[in-house]
Amino acid sequence: MAIEELIRAVEVSAEERIKEIQERSHAEAEEMIREARTKTGPLKSRYLEEAQKSVEHQRNRMLSLAREESRKKVIAAKNEILERAFDEASRTLATVRSEPRYRKALATFINEVTGTLPAGDLILHVDPRDEAICREILRELKLDCEIISDLTCSGGVNASTRDERFLVLNTIEARIQRAKELYRPEISNILFG
């Protein structure tokens, strides 16, 4: 029995030792967890702060991109409206040849180009539909210019020197194009404020 008691005593002693080790381990583990929580608190706060900054940065970036995209769409819409306005003006002016005031406008166009280029060696380029009226206007203005019917336009006249070094575009289409370039900001301001 002595061996059995010895074994039993060793077993009891071992169980107590195991229990003691488990309790100490448990206490050490809890202490380590407390220390980790104490240490991770500031770390956790720092990571949380960094994450918040990152989210704020992403949000600002996305808002900026959205604003830029919106601004581009507004500009595109305004440009489309302006183009429609100029297209409508072009369609309206395309029929001006049939109106009584066209003759006076053509005389003005001819005066503008003949006043711009040196006299004597001018060639007027006109639409064949305007050739007869153009000749009449030149007679009335007492101007001697060669007329070539080589344009297809809504109206107006182009002029060049014989050596073709100088060319003045004064058709309705050219005037609309100049108006687009010159008056676009003003028209935009009127339409959109």
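Each remark here, short or long, concerns the structure printed above.
(A) Highlighting helix α3 (residues 131–141). Of the residues making up α3, those classed as buried are Cys134, Ile137 and Leu138. Taken down its axis, α3 places every buried residue within 100 degrees of arc, on the same side. Those residues of α3 that are exposed and aimed more than 90 degrees away from the buried face are Ala132, Arg139 and Glu140. Turning to α3, the residues buried within the fold contact α2 (102–116), β1 (122–125) and β2 (146–148). Residue lysine 142 follows α3 closely and has a positive phi angle near 55 degrees.

(B) Structural view of the sheet that holds strand β4 (residues 167–171). Within the open sheet, the four strands sit side by side as β2-β1-β3-β4. Their pairing is mixed. With one partner strand each, in any of the chains shown, β2 and β4 form the two edges of the open sheet. This sheet shows a mean twist of 20 degrees between the axes of neighbouring strands, independent of strand direction. In this sheet, strand β3 (residues 156–161) lies alongside β1 in antiparallel orientation, the contact comprising four bridges. Looking at the pairing, leucine 122 lines up with threonine 161 of β3. Packing against the sheet, α2 makes contact with β1, β3 and β4, and its axis sits at approximately 20 degrees to β3.

(C) Quick peek at the nonpolar core. The biggest cluster of nonpolar side chains holds 22 residues, and the ones touching the most others in it are Ile110, Val113, Leu124, Cys134, Leu138 and Val157. Listed by contribution, the elements that provide at least two residues to this core are α2, β1, α3, β3 and α4 (172–192). Residue contributions to this core peak at six residues, all from α2. In contact with valine 113, not counting residues within four places along its chain, are Leu124, Val157, Ala159, Val168 and Asn170.

Calculation notes
Residues numbered from 1 in each chain as written. Predicted model: local features only at pLDDT ≥ 70, side-chain atom pairs only at ≥ 80, totals over all residues. Heavy atoms only, no water. Buried < 20%, exposed > 50% of the residue type's maximum accessible area, 1.4 Å probe, protein only. Helix = DSSP H or I, 4+ residues; strand = E, 2+ residues; numbered from the N terminus. Arc of directions from axis to C-beta. Contact = heavy atoms within 4.5 Å. Pairing = 2+ DSSP bridges. Axes fitted to C-alpha atoms, helices over the stretch in contact; angles between N-to-C directions. Core = buried A, V, L, I, M, F, W, Y, C linked by side-chain atoms within 4.5 Å.

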